[in-house]
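Residues per chain are reported as follows:
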Amino acid sequence: MQDNLITFTQKASTVDYREDMNIVIVGHVDHGKSTIIGRLMADTHVLPDGKLEAIQEQCRRNSKPFEYAFLLDALKDERSQGITIDAARAFFKTEKRNYIILDAPGHVEFLKNMVTGAARAEAALLVIDAKEGIMENSMRHSYLLSMLGVKQIAVLINKMDSVGYDKGVFDSIKESYAHFLSKINVIPTAFIPVSGMQGDNIVTKSVNMPWYEGATVLEQMDLFSSPEKLTSLPLRMPVQDVYKFTLDSDDRRIIAGSIETGTLNVGDEVIFYPSKKRCGVKSIEVFNADSPVTSLEAGYAAGFTMTQQIYVRRGEVVCPADAPAMEVSAGIRANIFWLGREPLKKGCSYTLKLGTAKVRAELKEVKMLLDATNLSQSDAQEVCANMAADCIFTLDTPIAFDTVDFPGTTNRFVLTYNYEIVGGGIITSSVQTGGGNLTHSDSIIDSSQKVLSQKQKGTVLWMTGLSGSGKSTLTQELEKQLALLGVVSYRLDGDNLREGLNRDLDFSPEGRRENIRRAAEVASLFADAGIIVLASFITPTNELRDIARGCLCEKYNEIYVKASIEACKARDPKGLYERAIKDEIPSFTGISAPFEEPQSPDLTVETDIMDIERCINSLLEYLADKKYIF
């Protein structure tokens, strides 16, 4: 369903530069949101020539009373139903600002669209019918706006003409609603008595309500505090894709995405989250640019090349290397609003989408369930449609995110189930997902603080390579050499995991994927304890190595144990290649299944041209250079 794009500009004096602000208008169905916007448009004389007259003539021909809402409800089927069924956007200018007014639907069936509209807003107009009073959606919408971090809310008590402009009615609704909002820590910016149909207090002060001395709706819009400029925030650029070139030995990789906040400059040092890989910005690539571009800011799609060719993928976020880090976790705590036909419940797998990242998510715990219609709380562990909840989710891989106080959008996500949006929310904190009970991230001791002695720091050497390449031989010998240095290490491989922890897993793609995930989680626990983990796993694809990298983050050191397939066949200590060639072992890496060479390993040891002593020395030097051993 398409957006209604209603663009209009003020015919009064203009200035060369105006601030930008998004304002969402919400309220129960038939409480008059669209009428208020239509009246605002008409009374500021900013409509395109003939627009008002055309709608009035259409109503006359159809023997239908004219309503100002029809100026906004441009789709024919919407006018016939008398409701707004999509989030319409109106572009509006005053001398101070450029506004986008988002008309979010009021009835429950279209709350999904309201979530989308409210998530882009810096302020809100919340409409209540003076005659009907506070309704379920009036309360639900206010909680949703609060949950999404919209702190500036002006309450418009509409249709005052229907109650004879009675100050007592206005005061009663104001008192009741202010009391309700205080329970969810919302302090409204203003309460304004209005009549959208008659134009009272929309643009000009009402002669029918001399008892009201506050701002009009138009004045209040300009009184809202200015949003923080996106360019003044730290850089956030979710990676949309990575483009690789091969023609004429061109080995460039262009990182592409849209800049959500901040500025990207040639020469910047950036860090990717969650992988925590670093590089410099070598050049900014812009399609059909007349001259070289050295800087781009929030709102622009960007592509840039790197000073070092590192491997990153869609879903990571580009950030300044010298700014406070994003949160990285496989566990999140979030305020969510549920829209699904079936309840949100434990044991179901959902897809969480944040920026360009997409991961599987499961409900771990409902900390608090809130019925947004009456603010009653419950400790139930299922969340039904149109309810809000404080929840903890576990994710299959860590993601990068900001928390609720960050002004950008890198703290907001949607949940899908069977390809339908079933919920949305905002992240309040990260949580630790290992070791039973979940705890807030601020109680976690960083792994750099955990050491077994002054001789080492916990990390993971992830040995990847073909079967027979020498991974196990190297880890066995390296473990001996580290012991002689007084360094504690632990060998972790497919054999000792498949016989115990991973005994329930088969060799299907999903089984292999889960095997690597569990192995990485176990390795992470050892590394957290200050142990150097020597992990030996074929991990033949970039996808599998990314799973390990995502679980281990900065503790992941990719060691490519490289050997030709011929050398591996010649060694073949278990006779596996011979059996694979005879089709006795299906999907055997190097024979009937591919091995994708790591694109940017931290270290490569070539065991078919280097003897074991030289390989071990390379590994020890790497550990020393990285200050994992002292």
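Check the entry above for the structure.
Novice: Hey, could you run me through helix H6 (residues 167–183) in this one?
Specialist: For an α-helix the count is 3.6 residues per turn, leaving residues at separations of three or four pointing the same way. The end-to-end C-alpha separation of H6 is 25 Å, in line with the 24 Å expected for 17 residues at 1.5 Å each. Those residues of H6 lying buried are Phe170, Ile173, Tyr177, Phe180 and Leu181. One face of H6 carries all of its buried residues, which in axial projection span an arc of 105°. Turned more than 90 degrees off the buried face of H6, the exposed positions are Glu175, His179 and Lys183. Residue aspartate 166 occupies the N-cap position of H6, its side-chain oxygen lying 2.7 Å from the main-chain nitrogen of glycine 168. Asparagine 185 lies just past H6 and shows a positive phi near 60°.

Novice: How should I be thinking about the packing of aromatic side chains in this particular structure?
Specialist: Where two aromatic rings form a pair, the distance of their centres and the angle of their planes describe that pair. Taken as a whole and assessed by the stated rule, the structure comprises nine aromatic pairs. Centre to centre, the rings of tryptophan 462 and tyrosine 556 are 6.3 Å apart; their planes meet at 35°, and the pair counts as tilted. With tryptophan 462 in strand S23 (residues 459–464) and tyrosine 556 in strand S26 (residues 556–562), this residue pair connects regions lying 94 residues apart in the sequence. You can call tryptophan 462 buried: its relative accessible area is 0%. Taken together, a centroid distance of 4.7 Å and an interplanar angle of 10° make the contact between tyrosine 490 and phenylalanine 526 stacked. Residue tyrosine 490 is found in strand S24 (residues 489–493), and its partner phenylalanine 526 is found in helix H10 (residues 509–528); the two are separated by 36 residues along the sequence. Look at tyrosine 490 and you get partly exposed, because its relative accessible area is 34%. Here a set of aromatic residues connected by ring pairs shows up, and it is made of Trp338, Tyr350 and Tyr417. Geometry around phenylalanine 595 places arginine 545 over its ring, the cationic atom sitting 5.6 Å from the centre.

Novice: Looking at this structure, how should I read the environment of asparagine 386?
Specialist: Looking at the secondary structure, you find asparagine 386 in the loop between strand S19 (376–378) and strand S20 (388–401). Under the relative-accessibility criterion, asparagine 386 is labelled buried at 16%. Asparagine 386 sits 47 residues away from leucine 339 along the chain, and the two C-alpha atoms are 5.5 Å apart.

Novice: I tried to follow the pairing of strand S22 (residues 420–430) on my own but got confused; where do I start?
Specialist: Within a regular strand, side chains alternate between the sheet's two faces. Along S22, eight of the eleven residues are buried, which leaves the element largely enclosed by surrounding structure. Pairing between strand S16 (residues 327–338) and S22: seven bridges, direction antiparallel. Its bridge partner being in S22, isoleucine 332 is matched across the sheet by serine 430. Pairing geometry for strand S21 (residues 412–417) and S22, over six bridges, is antiparallel. Looking across to S22, one finds that threonine 416 is bridged to isoleucine 421.

Novice: Would you mind showing me how to read the sheet that holds strand S25 (residues 532–536) here?
Specialist: As a general point, the strands of a sheet are linked pairwise by backbone hydrogen bonds and lie either parallel or antiparallel. The parallel open sheet is built from five strands, whose spatial order is S24-S25-S23-S26-S27. Single-partner strands in this sheet number two, and they are S24 and strand S27 (603–606). Between one strand axis and the next, the sheet turns through 20° on average, direction left out of account. Looking at chain direction, S26 and S27 are connected through four bridges and run parallel. What sits directly across from valine 561, in S27, is valine 605. Strand contacts of H10: S23, S24 and S25, with the helix running at about 150° to S23, the strand carrying the most contacts. Sheet strands in contact with helix H11 (residues 542–552) are S23 and S26, and its direction is about 150° off that of S26.

Rules of the game
- Residues numbered from 1 in each chain as written.
- Predicted model: local features only at pLDDT ≥ 70, side-chain atom pairs only at ≥ 80, totals over all residues.
- Heavy atoms only, no water.
- Helix = DSSP H or I, 4+ residues; strand = E, 2+ residues; numbered from the N terminus.
- Expected span 1.5 Å × (residues − 1).
- Buried < 20%, exposed > 50% of the residue type's maximum accessible area, 1.4 Å probe, protein only.
- Arc of directions from axis to C-beta.
- Polar contact = N/O pair within 3.5 Å; in protein donor to acceptor, adjacent residues only side chain to side chain.
- Phe/Tyr/Trp six-rings, centres within 6.5 Å; stacked < 30°, edge-to-face > 60°.
- Lys NZ or Arg CZ within 6 Å of the ring centre and 35° of its normal.
- Pairing = 2+ DSSP bridges.
- Axes fitted to C-alpha atoms, helices over the stretch in contact; angles between N-to-C directions.
- Contact = heavy atoms within 4.5 Å.

Function cannot be read off these values alone, since they describe shape.
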